[in-house]
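Notes for the structure review
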Amino acid sequence: MTVLGAIALPQIPPERLPEVAAAAEQSELAELWLWEDCFWAAGSACAATVLAHTERLRVGIGVLPAPLRNVALTAMEVAALLRMHPGRVIPGLGHGVQDWMGQVGARVDSPLGLLREQLTALRALLHGATVDMSGRYVHLDRVALDWPPGTPPPLVAGASGPKTLRLSGELADGTVLTSATTPDGIRAARRLVDEGRAKAGRTEPHDIIVYLLSASGPNATERLAAARRRTGLPDTVGVAGDAHAIADAVHRWSAAGADTVVLEPLPDEPDPLAFVRFAGEQVRPLVE
């Protein structure tokens, strides 16, 4: 069965997150996803807020930019969230937007190398290991969490290029694909992820999580078309229409290999609460 979620965009003021979280939980969505974009609210703080205002909802952080963060701090934050809210956090790492990383002096010569080192170290720390690492970017000297999570979480990676997709298959438990991904793109990504899994000898499940740009309500088709033009996306990306049209798209994305489809509102979405309720109350029953 396809897992359905929705995104709380970083453009939502942080003080509105409790009501967005409540709407997601009340509408019986399985997951609410956040991400850490510069220079909006921090991903871990937003996740903590959503978790504290809900009882069942899973929270995906897709993703935290690796260049912006020390991996030990990321491990401390994720472990604390998991100890307070067991089984409800899906942490993710990614390259980050390179221009933003440059703005804060965090841009690196090898984003792929950095992500490899951070994924390796973060997994070990969240499994309660004492980690010594002297890599190109990550340096840890007998580092261990005093409060590791009782159960380590699935660790996901944001990926789009072939090398990162293979790396995600090798080191992560799931892969987050952006809303620029078409069904054909999902199939291609799955093949590359599987190459990485085969290289590492991994046989456990690996979830493909895909964001689906979605518009409903008045002028939905026109708003989606305008969003595509602004970002240079093809007509095959995203969906506009009523709950049935969006559910049909979720089924297509799922048939292409997505395990989780996360509805992403347009940047000009006027009512984030209504979007979340629409996803949970109208689209979810057509998907389950």
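Refer to the preceding data block for the structure.
Rules and cut-offs
- Residues numbered from 1 in each chain as written.
- Predicted model: local features only at pLDDT ≥ 70, side-chain atom pairs only at ≥ 80, totals over all residues.
- Heavy atoms only, no water.
- Buried < 20%, exposed > 50% of the residue type's maximum accessible area, 1.4 Å probe, protein only.
- Helix = DSSP H or I, 4+ residues; strand = E, 2+ residues; numbered from the N terminus.
- Contact = heavy atoms within 4.5 Å.
- Axes fitted to C-alpha atoms, helices over the stretch in contact; angles between N-to-C directions.
- Parallel < 35°, antiparallel > 145°, perpendicular 65-115°, else oblique.
- Left-handed = near helix turned anticlockwise from the far one by under 90°.
- Nonpolar A, V, L, I, M, F, W, Y, C, P; charged D, E, K, R; others polar.
- Pairing = 2+ DSSP bridges.
- Right-handed = clockwise from strand over helix to strand, strands pointing away.
- Salt bridge = Lys/Arg side-chain N within 4 Å of Asp/Glu carboxyl O.
- Polar contact = N/O pair within 3.5 Å; in protein donor to acceptor, adjacent residues only side chain to side chain.

So, about helix 6 (residues 162-171). Buried residues dominate helix 6, accounting for seven of its ten residues. Buried residues of helix 6: Thr164, Leu165, Leu167, Ser168, Gly169, Glu170 and Leu171, and no others. Looking at the buried positions of helix 6, the neighbouring elements they touch are helix 5 (111-126), strand 7 (156-158), strand 8 (174-177) and helix 7 (183-200).

What follows covers the packing of helix 9 (residues 243-255) against helix 10 (residues 272-287). Close contact between helix 9 and helix 10 brings their axes to 9 Å; oriented N to C, the two are set at 55°. Here helix 9 is positioned oblique relative to helix 10, judged by the angle of their axes. By crossing handedness, the relation of helix 9 to helix 10 is classed as right-handed. Facing Ala243, His244, Ile246, Ala247, Val250 and His251 of helix 9, the residues of helix 10 in contact are Phe278, Gln282, Val283, Leu286 and Val287. A breakdown of the residues in the contact of helix 9 with helix 10 according to their chemical character gives eight nonpolar, three polar and no charged.

Okay, the pairing of strand 3 (residues 58-65) next. Of all eight residues making up strand 3, seven are buried, and the element is well covered by its neighbours. Strand direction decides the pairing type here: strand 2 (residues 31-34) and strand 3, joined by four bridges, are parallel. Paired with leucine 34 across the strands is isoleucine 61, a residue of strand 3. Running through helix 2 (residues 43-52), the crossover from strand 2 to the neighbouring parallel element strand 3 is right-handed. In this structure, strand 3 lies alongside strand 4 (residues 89-94), joined through five bridges in parallel fashion. Looking across to strand 4, one finds that isoleucine 61 is bridged to proline 91. Handedness of the crossover is the feature at issue here: the chain leaves strand 3, passes through helix 3 (residues 71-84), returns alongside strand 4, and the resulting connection is right-handed.

Attention now moves to the pattern of salt bridges. Scanning all chains against the criterion turns up 20 salt bridges. A salt bridge links arginine 16 to glutamate 19, with the nearest nitrogen and oxygen atoms 2.9 Å apart. Owing to a relative accessible area of 27%, arginine 16 belongs among the partly exposed residues under this scheme. Accessibility expressed as a relative area gives 35% for glutamate 19, which makes it partly exposed.

This brings us to the packing of helix 1 (residues 17-26) against helix 10. Relative orientation and spacing of two packed helices are given, respectively, by the angle between their axes and the distance between those axes. Between helix 1 and helix 10, the least distance of the axes is 8 Å, while the angle of their chain directions is 15°. Our classification of the angle between helix 1 and helix 10 gives roughly parallel. The interaxial crossing formed by helix 1 with helix 10 has right-handed handedness. Seen from helix 1, the contacting residues are Glu19, Val20, Ala23 and Ala24; seen from helix 10, they are Leu273, Val276 and Arg277.

Here we come to the environment of aspartate 132. Within the element layout of this structure, aspartate 132 appears in strand 5 (residues 131-134). Sequence separation of aspartate 132 and alanine 66 is 66 residues, and the distance between their C-alpha atoms is 19 Å. Excluding its chain neighbours within four sequence positions, the residues that come into contact with aspartate 132 are Leu140, Asp141 and Arg142. A polar side-chain atom of aspartate 132 sits 2.9 Å from the main-chain amide nitrogen of arginine 142.

Along the polypeptide, leucine 82 turns up in helix 3. A sequence separation of 184 residues divides leucine 82 from leucine 266, and the C-alpha atoms of the two residues are 30 Å apart.

Attention now goes to the side chain of glutamine 98. The topology assignment puts glutamine 98 in helix 4 (residues 98-103). From its side chain, glutamine 98 meets the backbone oxygen of histidine 95 in a polar contact 3.2 Å long. Not counting chain neighbours up to four residues away, the residues in contact with glutamine 98 comprise Arg107 and Pro111.

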